[in-house]
Amino acid sequence: MPSPSTLAQRLVDALLARGAREIFGIPGDFALPLFREIERDGRLPILTLAHEPGVGFAADATARVRGGLGVAAVTYGAGALNLVNAVAGAYAERVPLVVLSGAPAAHEAVSGLLLHHQVKQLDSQWRLYEEITVDRARLDDLERAPQAIARVLDNALARSRPVYLEIPRDLPGRPCAEVPAPAPRRWDAERVAACADELLARLRAARDPLLVVGVEVRRYGLEARVAELARRLGLPVLTSFMGRGLLADADLPLAGTYLGLAGDPELSRRVEASDALLLLGVIVSDTNFAVSARRIDFRHALVAYDDEVRVGHHVYPELPLAALVDALLERCPLPRSAVAAPPAPPSYPQGLVEDEAPVEPADIARAINDAFARHGPMPIACDVGDCLFTAMAVLPTALLAPGYYATMGYGVPAGLGLQRASGQRPLILVGDGAFQMTGWEIGHAARLGLDPIVIVFNNGGWEMLRSFMPEGGFHDLGAWDFAAMAAGMGGDGYTVQTRAELGAALRQALATRGCFQLIDVRLAPGARSPTLQRFVQAVRRLSMPEAVVAS
Ligand code: S1T
Ligand code: MG
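Residues numbered from 1 in each chain as written. Chains lettered and ligands numbered in written order. Predicted model: local features only at pLDDT ≥ 70, side-chain atom pairs only at ≥ 80, totals over all residues. Heavy atoms only, no water.

Draft legend 1. Summary view of the overall build of the chain. Counting secondary structure elements, the chain contains 22 helices and 19 strands. Relative to the globule expectation of 24 Å for 551 residues, the C-alpha radius of gyration of the chain, 24 Å, shows essentially globular dimensions. C-alpha extents for the chain along the principal axes are approximately 70 × 65 × 45 Å. Of the contacts formed within the chain by residues at least 6 apart in sequence, a portion of 77% connects residues at least 24 apart. Total accessible area computed for the chain in this model is approximately 21800 Å², and 55% of it derives from carbon and sulfur atoms. Averaging the coordinates of the 53 positive side-chain charges in the chain and doing the same for the 62 negative ones gives two points 4 Å apart. (Helix = DSSP H or I, 4+ residues; strand = E, 2+ residues; numbered from the N terminus. Rg over C-alpha atoms; globule rule 2.2 N^0.38 Å. Contact = heavy atoms within 4.5 Å. Areas by Shrake-Rupley, 256 points an atom, 1.4 Å probe, with all protein chains shown as cover. Lys, Arg positive; Asp, Glu negative; His and termini not counted. Charge placed at Lys NZ, Arg CZ, Asp CG, Glu CD.)

Printed below as a string of structure tokens:
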């Protein structure tokens, strides 16, 4: 007679059924029973890292790459609270990240003692997580646990946002009934039809309709359908800043990325003057639209985001993006010829001159594009800093970056999650400041069987902040020799000063598999990418329109 399934086994069933394929985590005594039961079950490997922020970023990346759930498991208190920033970033950027937190057992909670890891109250953590998740459940009642698990995990996928499950440490091994299978989403078909008809009428009447795609197109697995829709509508397609990398694998000419004053002037002009801007899954945020020369008139925009569609002053609520895309495809059975002349395709710098000149950020983009031209594109995990602006000059490829929430520390852990989830060797772009935060997680790459190539933009400080406030005396970080530290963490390090050294190091790194490769590019203080330069100029121009912008 087989022993009844446990709560942990039922939880693993439910996570697997919704796309999880591993758990990143760090245990603690409140989580040890959960970790043990999951390890005994054996179907979801537990990948441990050094610090909970890295756990969260790595799990976030698996969800972004593969679709489906990413899972982070932590202990109560110190672990779960360390994880908060990564979960907040996942919330802001629409990532279905599941947080599994151990917790005190019921008898401990009523012991009358203050418990270790406890903050203000025993349920302080529970309350904190309400602000950064779309649903949560405390699995302290085994009768109700199956329904709670199903509801919470289905909400994570439906709203593409983080959720929180708190598991008292005496329950993971206890018998539990089966968790219901994933519930299909429902919507009002008549509302979807009315919305699709109105959208198409607007697009067909427009002088210069354009399609801008954003993060939800990836989160809901719609890239192929949206690429087909673009063909059938005959619309030029751009990505938002955050949507960079979307449709890179679709056989579709992309018109580039809208960056406002920091981007291609002709492309920005067309976007800002369009009388029918169809924004599919785009977060209408400052990082996506703040540096617009003209405030985009969103009354002419057709915005489908977060289960709502706005067409001028009409609002269609509870309308999933997938349902809208399918309704539009049904109404446009055949590809149309381009309704408007597509913008000139963007140019991406290639042909690095491998001489003794010092490296500039633009040289790094050029070297990467040369490598992609030779070997094909690699997926990129990118941190915040000038590395992210430099990535805008890289040929289209899958790009994971916190482009809206903009937290540092994402790049290296996300690169580990990216390779784990995709099986593809990633390129990680990270500044020295961000590497000092979570770059050390690269030391786990060998143990986890991963071998990313890391390019550190080592400019000795917080250059992006210095570009906004040059007079600040707090931007310097000193000279760190990251290349020398690589060997101690199981990888190969290259110190790069000149463009010739950059070309040689990247070729050597690409040719070396089985351990991570760290290219420590020494940038002169003040060296900035052209995109960051334009971004800073634009921010200054918009914040001080009358001021003559200092060159
Ligand atoms: N802390 C965290 C966790 N995330 C942040 N985004 C910041 C602070 C603020 C911040 C930036 S950009 C930046 C900081 C500190 C400097 C980045 O330095 P580095 O990684 O060396 O890259 P680079 O030198 O290329 O700028 C954004 C504006 O919020
Ligand atoms: Mg720096």
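Draft legend 2. Molecular detail of the site of ligand 1. Around ligand 1 there are 17 residues in total, and Asp386, Ala406, Asp432, Gly433 and Met464 lie nearest to it. Between Asp386 and ligand 1, the recorded distance is 2.9 Å, taken from a backbone N or O atom to an oxygen atom. Taking Gly461, its main chain carries an N or O atom lying 2.9 Å from an oxygen atom of ligand 1. The protein chains hide 78% of the 630 Å² of surface that ligand 1 would expose on its own. Those elements that place two or more of their residues in the shell around ligand 1 are α18 (432–438) and α19 (463–468). Broken down by element, the shell around ligand 1 gets its largest block of residues, four residues, from α18. (Near = heavy atom within 4 Å. Polar contact = N/O pair within 3.5 Å; in protein donor to acceptor, adjacent residues only side chain to side chain.)

Draft legend 3. Focus on the packing of aromatic side chains. A complete count under the given rule lists twelve aromatic pairs for this structure. Ring geometry for Trp126 against Tyr164: centres 6.1 Å apart, planes inclined by 55°, an arrangement best described as tilted. Highlighted residues: Trp126 in helix α7 (residues 124–130) and Tyr164 in strand β6 (residues 163–168), separated in sequence by 38 residues. Each of the two residues, Trp126 as well as Tyr164, counts as buried. With centroids separated by 6.3 Å and ring planes inclined at 65°, the aromatic side chains of Phe468 and Phe535 adopt a geometry described as edge-to-face. One end of the pair, Phe468, is in helix α19; the other, Phe535, is in helix α22 (residues 530–543), and 67 residues separate them in sequence. By the ring-pair criterion, three or more aromatic residues cluster together here, those being Phe241, Phe389, Phe468 and Phe535. (Phe/Tyr/Trp six-rings, centres within 6.5 Å; stacked < 30°, edge-to-face > 60°. Buried < 20%, exposed > 50% of the residue type's maximum accessible area, 1.4 Å probe, protein only.)

Draft legend 4. Expanded view of the packing of helix α11 (residues 223–233) against helix α14 (residues 321–331). Put simply, α11 and α14 touch, their axes get as near as 10 Å, and they point 35° apart. Crossing handedness for the pair α11 and α14: left-handed. Residues Arg225, Val226, Glu228, Leu229 and Arg232 of α11 touch α14, and the partners they reach there are Ala322, Val325, Asp326, Leu328 and Leu329. Of the residues assigned to the contact of α11 with α14, the class counts are six nonpolar, no polar and four charged. (Axes fitted to C-alpha atoms, helices over the stretch in contact; angles between N-to-C directions. Left-handed = near helix turned anticlockwise from the far one by under 90°. Nonpolar A, V, L, I, M, F, W, Y, C, P; charged D, E, K, R; others polar.)

Draft legend 5. Region of the structure containing the sheet that holds strand β12 (residues 308–311). Pairing in this open sheet of seven strands is mixed, and the strands run β9-β8-β7-β10-β11-β12-β13 from one edge to the other. Two strands close off the open sheet at either side, each with one partner strand: β9 (254–257) and β13 (314–316). Ignoring strand direction, the axes of neighbouring strands in this sheet form an average angle of 20°. In this sheet, β12 lies alongside strand β11 (residues 301–305) in antiparallel orientation, the contact comprising four bridges. Paired with Leu302 across the two strands is Val311, which belongs to β12. (Pairing = 2+ DSSP bridges.)

Draft legend 6. Layout of the coordination of the magnesium ion (ligand 2). In this structure, Asp432 (OD), Asn459 (OD1) and Gly461 (O) serve as the protein donors to the magnesium ion (ligand 2), at separations of 2.1 Å. Sequence spacing of the donors to the magnesium ion (ligand 2): D-x26-N-x1-G. Linking Asp432 in helix α18 with Asn459 in the loop between β17 (453–458) and α19, this pair joins segments that are 27 residues apart in sequence. Under the relative-accessibility criterion, Asn459 is labelled buried at 8%. (Donors = N, O, S within 2.8 Å, 3.2 Å for Na, K, Ca; no water.)

Draft legend 7. Looking closely at the domain arrangement of the chain. For the chain, the domain assignment lists domain 1 (7–168), domain 2 (189–331) and domain 3 (361–549). Placing a centre on the C-alpha atoms of domain 1 and another on those of domain 2 gives a separation of 34 Å. Across the boundary between the two partners, domain 1 contributes ten residues, which contact ten residues of domain 2. At the surface where domain 1 touches domain 2, the tally comes to five salt bridges. Among the salt bridges present, the one from Arg159 reaches Asp307, with a minimum N-O distance of 3.6 Å. At the boundary of domain 1 with domain 2, the tally comes to eight residue pairs in polar contact (both at pLDDT 80 or more). The element contributing the most residues to the side of domain 1 that touches domain 2 is helix α8 (residues 145–159), with three residues. (Domains from an automatic or database assignment. Salt bridge = Lys/Arg side-chain N within 4 Å of Asp/Glu carboxyl O.)

Draft legend 8. How the structure looks around the nonpolar core. Ranked by size, the top nonpolar core spans 46 residues in total, and within it Tyr129, Val430, Phe435, Ile442, Val454 and Leu518 carry the most contacts. When residues of this core are assigned to their parent elements, the largest contribution, six residues, is made by helix α3 (residues 52–66). Each of domain 1 (7–168) and domain 3 (361–549) contributes no fewer than three residues to this core. (Core = buried A, V, L, I, M, F, W, Y, C linked by side-chain atoms within 4.5 Å.)

Draft legend 9. Inspection of the environment of Gln350 at higher detail. Structurally, Gln350 can be placed in the loop between α14 and α15 (361–375). Overall, the relative accessible area of 37% leaves Gln350 in the partly exposed class. Residues Gln350 and Pro402, 52 residues apart in the sequence, show an inter-C-alpha distance of 26 Å. Contact partners of Gln350, with chain neighbours within four places excluded, come to Arg366, Asn369, Asp370, Ala373 and Leu395.

Draft legend 10. Broad picture of the sheet that holds strand β16 (residues 427–431). Spatially, six strands are ordered β15-β14-β16-β17-β19-β18 in an open sheet, and the strand pairing comes out parallel. The strands lining the two open edges of the sheet, one partner per strand, are β15 (399–400) and β18 (492–496). Strand direction decides the pairing type here: strand β14 (residues 380–382) and β15, joined by two bridges, are parallel. Residue pairing for β15: Ala381 is matched across the bridge by Leu400.

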